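Chain by chain, the residues run as shown.
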Amino acid sequence: MKFLSKTNLTLLTLLSLLACNKLSQSPEAKLKELVPKFQKTMCSKTIECTKDEFAKIPPAYRNMIPPFMQSEENCITFFDQKMKEAEKKRIEEKKEVTEEQVQAFEKCILAFDQLTCDTFKGAKGKVSIPECEEAQKFSGN
């Protein structure tokens, strides 16, 4: 479960760092168009692939499940908040989005959408999505 959280946060960080410049119409605008798809893909896959495992957790321990992993709505709210935080940081650091970053992120989203739950859960907590490796470089994680 820690890996899922780290993967989610890595992809979120990448998206957040890239999706902030409102003045530009090129890479930034393209990336902003990817935001809803990112949220839908990440959140629906997270909920879909963890619901069976979470159902096995005794009710007394379910409060230990991170809120963003309990429902798609909570997940999207979580990502929205993290994106706002990252946008502020990106503006302060005056970072620009590049076309390569947008393309890497788009490939990662598409690959993530195609994952089966078995792959998503990974073998022994290690999931490798080759299309996301480039995107993760841009996120700094």
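1. Details of the packing of helix H2 (residues 27–55) against helix H4 (residues 99–114)
Now for step 1: Relative orientation of the contacting elements H2 and H4 amounts to 20 degrees, with a least axis distance of 10 Å. It follows that H2 is roughly parallel to H4 by the angle criterion. The handedness of the crossing between H2 and H4 comes out as left-handed. Of the residues in H4, those in contact with Pro27, Lys30, Leu31, Leu34, Lys37, Phe38, Thr41, Met42 and Lys45 of H2 are Glu99, Val102, Phe105, Glu106, Ile109, Leu110, Phe112 and Asp113.
Now for step 2: For the contact of H2 with H4, the class distribution of residues is 10 nonpolar, 1 polar and 6 charged.

2. Overview of the confidence of the model for the chain
Now for step 1: Taken residue by residue, the chain gives an average pLDDT of 77. The fraction at 70 or more is 74%.
Now for step 2: In this model residues 20–24 is a low-confidence stretch, pLDDT under 50, and it forms 11 contacts with partners more than four residues away in sequence or in other chains.

3. A short note on the state of the cysteines
Now for step 1: Under the defined criterion, the tally for this structure stands at 2 disulfides.
Now for step 2: Disulfide pairing places cysteine 43 opposite cysteine 75 at an S-S distance of 2.1 Å. Across the S-S bond of cysteine 43 and cysteine 75 the torsion is about -80 degrees, and the bridge reads as left-handed. Pair noted here: cysteine 43 is in helix H2 and cysteine 75 is in helix H3 (residues 72–93), with a separation of 32 residues, a long-range link. With respect to class, cysteine 43 is no different from cysteine 75; both count as buried.
Now for step 3: Each sulfur of the disulfide joining cysteine 49 and cysteine 117 lies 2.1 Å from the other. Looking down the S-S bond of the cysteine 49 and cysteine 117 bridge, the torsion is -80 degrees, so its handedness is left-handed. Of the two residues, cysteine 49 is situated in helix H2 and cysteine 117 in helix H5 (residues 117–121); the sequence distance between them amounts to 68 residues.

Scoring rules and cut-offs
Residues numbered from 1 in each chain as written. Predicted model: local features only at pLDDT ≥ 70, side-chain atom pairs only at ≥ 80, totals over all residues. Heavy atoms only, no water. Axes fitted to C-alpha atoms, helices over the stretch in contact; angles between N-to-C directions. Helix = DSSP H or I, 4+ residues; strand = E, 2+ residues; numbered from the N terminus. Parallel < 35°, antiparallel > 145°, perpendicular 65-115°, else oblique. Left-handed = near helix turned anticlockwise from the far one by under 90°. Contact = heavy atoms within 4.5 Å. Nonpolar A, V, L, I, M, F, W, Y, C, P; charged D, E, K, R; others polar. pLDDT = per-residue confidence, 0-100. Disulfide = S-S within 2.5 Å. Buried < 20%, exposed > 50% of the residue type's maximum accessible area, 1.4 Å probe, protein only.

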